Amino acid sequence: MSILLRVATAAVLFAPALSWAQTPATAPVAPKVTRTDLAAAYMRVDAAYTKRETAKSISDSLRAQVNRTVDRAALSFFAGQFAAAVNTIDAAAAQLTGVATTPSPPSTGPRSLNGAPVSAARDEYLARLAVVDSTGPLAQALLSTRERAKLLVDVPSPERSAEFLNDPARLFRDLAREVSVLERGRDPYIGLVGDYWRVYRGANSVLVPMRIVVPPSANVRKPVGVLLVLHGAGGDENMFVDAYGSGIAPQLAAEQRLILVSPKTDIFGTTPEHFDALMALLRNEFRIDSTRVYVIGHSMGAGAAARLAQARPSQIAAVALLAGGSPITVANAPPSLFVGAELDGIIPAARVEAAAKASPGATYELFRYEGHLLMVGHGVRRAVPWLVTHTR
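Residues numbered from 1 in each chain as written. Predicted model: local features only at pLDDT ≥ 70, side-chain atom pairs only at ≥ 80, totals over all residues. Heavy atoms only, no water.

Asker: Is there a simple way to think about the pattern of salt bridges in this case?
Answerer: Proximity of charged atoms lets side chains of opposite charge pair with each other. Applying the stated criterion across every chain yields a total of 19 salt bridges. In this structure, the salt-bridge partner of arginine 63 is glutamate 370, at a minimum N-O distance of 3.5 Å. Placement of the pair is arginine 63 in helix H3 (residues 60-78) and glutamate 370 in the loop between strand E10 (363-367) and helix H15 (375-387), with a sequence separation of 307 residues. The same class applies to arginine 63 and to glutamate 370, which are both buried. The residue glutamate 178 makes a salt bridge to arginine 148 at a minimum N-O spacing of 2.9 Å. A residue pair is termed long-range when its members are at least 10 positions apart, and glutamate 178 in helix H8 (residues 168-183) and arginine 148 in helix H6 (residues 139-149) qualify at 30 residues. Three or more residues joined by partner-sharing salt bridges are found here, namely Glu53, Arg63, Glu370 and Arg381. (Salt bridge = Lys/Arg side-chain N within 4 Å of Asp/Glu carboxyl O. Helix = DSSP H or I, 4+ residues; strand = E, 2+ residues; numbered from the N terminus. Buried < 20%, exposed > 50% of the residue type's maximum accessible area, 1.4 Å probe, protein only.)

And the structure:
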């Protein structure tokens, strides 16, 4: 994935932006703030923060200052003050780099492939898929390929990350193989390694978008584990893959031979039956080690992770709850790690600690000098090594 696409990813931290308030006719019209605008700002500060952390060149006082600033930007966003949110995020990045931000204008205009509109390839693929049997064992694969083909749009929506993040040339090539394999009556996703945006049909025929990152080591005879990651409110399925510590989660998952799956939490977390459907899909495509299924959740995602551990305790080896969560009290509950952030003004650390204390056998840790958002990269780096020490 290109740097420009990665820069766009972090916008999924926020819900779709709204237009500015209407101004008098004589005043200049302010531009609309989109997910792409918010993406660029968040990725700048995320990259700068991760760089300083990796180099161990960030003092406790600077860490605290930057975390407070970024959390203040989140509060501005939730209050509908989008310009203030972007400006505050850029101020945090300047605190880390010492350089004021000069945003580059986003690329605009229709996209093309081989001299033709991108939509021409989409229409061709959809026409070929229309005659493939959609009722048999290929139903899930066909659904995923069809939804992937729909991402081939001439002008991607700045509000839908699945459209503006995809590389149309790569997607075109991938779809050529997927469609051809489906036409031969086979499932193109069985044993497929790499990083893909997909959709699967969960409970009650609900479509669940997800990013799935399968390491090359998964395509061998030895069973592979699963790391399920659940983002916070306003985010989407791309958040853990491309942001949160410059995308550290897929790297750590690959090192531990884990398939990383990042579904859209506000859909996935509504019922544990979506988890059941996901695991059935993964078992159809890979040799899954059922003793190594792990969950990480942040904020709203931590709440969803706790509910899942409560509902499916025997199927989860361990769960990590970052800046959120609720008590896990079910019998035979998986081991749980609760992590609070000292400066978190959105979900205070005291609430996270209280949930941990109400969860028999839980471990609680406090991140000093950190707030609600920038703690996630640190949290993933702490959680993955802890999770893999447990098996079911």
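Asker: Can you help me understand empty space enclosed by the protein in this one?
Answerer: The probe, sized like a water molecule, is rolled over the atoms to show the empty space still left. Counted under the stated rule, the structure contains 2 cavities of 30 Å³ or more. Residue lining of the largest cavity: 14 residues in total, with Asp46, Tyr244, Gly245, Leu374 and Gly377 positioned closest to the centre. The set of elements that each furnish at least two residues to the lining of the largest cavity consists of helix H2 (35-54), helix H10 (244-255) and H15. Of the residues assigned to the lining of the largest cavity, the class counts are 7 nonpolar, 4 polar and 3 charged. When its volume is computed, the second largest cavity comes out at roughly 40 Å³. Forming the boundary of the second largest cavity are Tyr189, Leu192, Tyr196, Arg198, Ile212, Val214, Glu285 and Phe286. Contributions of two or more residues to the lining of the second largest cavity are made by strand E3 (194-201) and strand E4 (207-214). Its residues assigned to classes, the lining of the second largest cavity shows 6 nonpolar, no polar and 2 charged. (1 Å grid on protein atoms, 1.4 Å probe; cavity = no way out; pocket = protein on both sides within 12 Å on 5 of 7 lines; lining within 4 Å. Points joined across faces, edges and corners; volume = space filled by probe spheres on them. Nonpolar A, V, L, I, M, F, W, Y, C, P; charged D, E, K, R; others polar.)

Bear in mind that shape data such as this cannot, by itself, settle questions of function.
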